[in-house]
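Summary of the model geometry
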Amino acid sequence: THCVSGCVCPHNQVLDGKGGCIAPEDCPCVHNGNSYSPGESIRVGCNNCTCRNRKWHCSEEPCLETCSVYGDGHYTTFDGKRFDFEGDCEYVLVQNYCGQQGMNQGTFRVITENIPCGTTGTTCSKSIKVFLGVSIFFNIDGHSDVIQRTSGGKMPFQIHSMGIYLVVDTTVGLILMWDKKTSIFIKLSPSFQGHVCGLCGNYDGNGNNDFTTRSQSVVGNVLEFANSWKVSSSCPNANRTKDPCTANPYRKAWAQKQCSIITSEVFAKCHSQVEPNEYYQACVDDACACDTGGDCECFCTAVAAYAQACNELDICISWRTPSICPLFCDYYN
């Protein structure tokens, strides 16, 4: 219905913002700047939200939150805090052995081993160790899975493949996804909120206190925080490395051109849901840093990290092509 008398709507109707009039219950709902008509649904975390009578009506399922590590030391904690850290050592990603009371009461610990992957001081995660209680340990390094146990009974986890990822699904509320290269995604049950520590933060819903050291001090310096979580005290403390694109200026233009796919129309439907610029900059840094081979692997891993963040919100982007990070689909299927 068009508005009348200089865009004044009839009784019981309102302007729709497009020069027309609609009933109030037909007004759209807004999410991240996008409008959705009544009856339309979106995915927010693990919950479905439906637009009804100008309001979102959402299911209230408890969601597993994700901590991610990818490429040249790019971290996102369970509470959404992003930081970069490059250390050549083993580090605790997450554990529930925290504080004086929890040292002997934890049920799991995940450790990553970082190794140099470029000449500029960059490091990448190349193996993962998972400890479940006191009886289960397994190490995955892309070539072998080593499992040790000291007691009988059923294994409290399953390992299976899902696309390019190796998935470890445990019975304690921890799910780990790894691409057998440098991308790690750890999902935790809400029952662990506020009861974990490590480089993935404390999972209490507040990203401002995620830089909590092993001694339970909240600090503002990422190096002080991250170095406190090294497994061996014999490892040297990591220092800031120089900007890889400054160190390798001949790679900068190529890196920017390749990584622009993240901010391009290819990912347009995800841009309003997952901010792309930080992922783009991380991609450029990684593409500049990988100067000892594996150029495309570093680039592809960085773009795949943004695609995975989109996929977490049920936004599936078909970005791979025969010339851009192709996969052998028959093999992975």
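In short, a report on the structure.

Scoring rules and cut-offs
- Residues numbered from 1 in each chain as written.
- Predicted model: local features only at pLDDT ≥ 70, side-chain atom pairs only at ≥ 80, totals over all residues.
- Heavy atoms only, no water.
- Buried < 20%, exposed > 50% of the residue type's maximum accessible area, 1.4 Å probe, protein only.
- Helix = DSSP H or I, 4+ residues; strand = E, 2+ residues; numbered from the N terminus.
- Pairing = 2+ DSSP bridges.
- Axes fitted to C-alpha atoms, helices over the stretch in contact; angles between N-to-C directions.
- Core = buried A, V, L, I, M, F, W, Y, C linked by side-chain atoms within 4.5 Å.
- Contact = heavy atoms within 4.5 Å.
- 1 Å grid on protein atoms, 1.4 Å probe; cavity = no way out; pocket = protein on both sides within 12 Å on 5 of 7 lines; lining within 4 Å.
- Points joined across faces, edges and corners; volume = space filled by probe spheres on them.
- Nonpolar A, V, L, I, M, F, W, Y, C, P; charged D, E, K, R; others polar.
- Parallel < 35°, antiparallel > 145°, perpendicular 65-115°, else oblique.
- Left-handed = near helix turned anticlockwise from the far one by under 90°.
- Disulfide = S-S within 2.5 Å.

1. Let's talk about the pairing of strand 18 (residues 174–178)
Most of strand 18 is tucked away: four of the five residues are buried. Where strand 17 (residues 165–170) and strand 18 come together, four bridges link them in antiparallel fashion. Bridged to V168 within strand 18 is L176. In sequence, strand 17 turns back onto strand 18 through a hairpin of three residues, with G173 there showing a positive phi of about 100°.

2. Some thoughts on the sheet that holds strand 6 (residues 47–52)
Read from one edge to the other, the open sheet built from three strands follows the order 5-6-7, with strand pairing classed as antiparallel. The open sheet has two edge strands with one neighbour each: strand 5 (41–44) and strand 7 (55–58). Strand-to-strand twist in this sheet, taken as the mean axis angle between neighbours without regard to direction, amounts to 35°. Pairing geometry for strand 6 and strand 7, over four bridges, is antiparallel. Each residue of the ladder has a partner; that of T50, found in strand 7, is H57.

3. A few points about the nonpolar core
By size, the foremost hydrophobic cluster in this structure holds 41 residues, and its most contacted members are L93, V94, V110, L176, I186 and L188. Of all the secondary structure elements, the ones that give two or more residues to this core are strand 8 (65–70), strand 11 (90–95), strand 12 (108–116), strand 13 (123–132), strand 18, strand 19 (184–188) and helix 2 (222–227). Not counting the four nearest positions on each side in its chain, V94 is found in contact with F78, F108, R109, V110, I186, L188, V196, C197 and C200. Membership of the second largest hydrophobic core comes to 30 residues, among which are C259, A282, A309 and I317.

4. Considerations on the layout of surface pockets
Looking at the largest pocket, its volume works out to about 820 Å³. Along the wall of the largest pocket there are 28 residues; nearest its centre are E65, T66, A309, E312 and L313. Put simply, the parts of the chain that give the lining of the largest pocket at least two residues each are strand 8, strand 19, helix 6 (277–289) and helix 7 (295–311). Across the lining of the largest pocket, the residue classes tally to eleven nonpolar, nine polar and eight charged.

5. Regarding the packing of helix 4 (residues 252–259) against helix 6
Contact pair helix 4 / helix 6: the axes reach a minimum separation of 8 Å and the direction vectors enclose 140°. Here helix 6 runs oblique to helix 4, going by the angle between their axes. The interaxial crossing formed by helix 4 with helix 6 has right-handed handedness. Contacts between helix 4 and helix 6 involve K252, W254, A255, Q256 and C259 on the former and, on the latter, Y280, C283, V284, A287 and C288. The class makeup of the residues in the contact of helix 4 with helix 6 is eight nonpolar, one polar and one charged.

6. Focus on the sheet that holds strand 16 (residues 157–162)
The strands that make up a sheet pair up through hydrogen bonds in the backbone, lying either parallel or antiparallel. Spatially, the seven strands line up as an open sheet ordered 10-9-8-19-18-17-16, and their pairing is antiparallel. With partners counted over all chains shown, the strands left at the sheet margins are strand 10 (82–84) and strand 16, one partner each. Between one strand and the next, the sheet's axes are offset by a mean angle of 15°, whatever the strand orientation. The sheet contact formed by strand 18 and strand 19 spans five bridges and is antiparallel. From the neighbouring strand, I175 faces strand 19, where its bridge partner is K187.

7. A look at the state of the cysteines
Applying the stated rule across the entire model yields ten disulfides. Residue C29 pairs covalently with C51 via a disulfide, S to S 2.2 Å. Negative torsions about the S-S bond denote left-handed disulfides, and the value of about 80° found for C29 with C51 makes this one right-handed. With a gap of 22 residues between them, C29 in strand 3 (residues 29–31) and C51 in strand 6 connect regions that are remote in the sequence.

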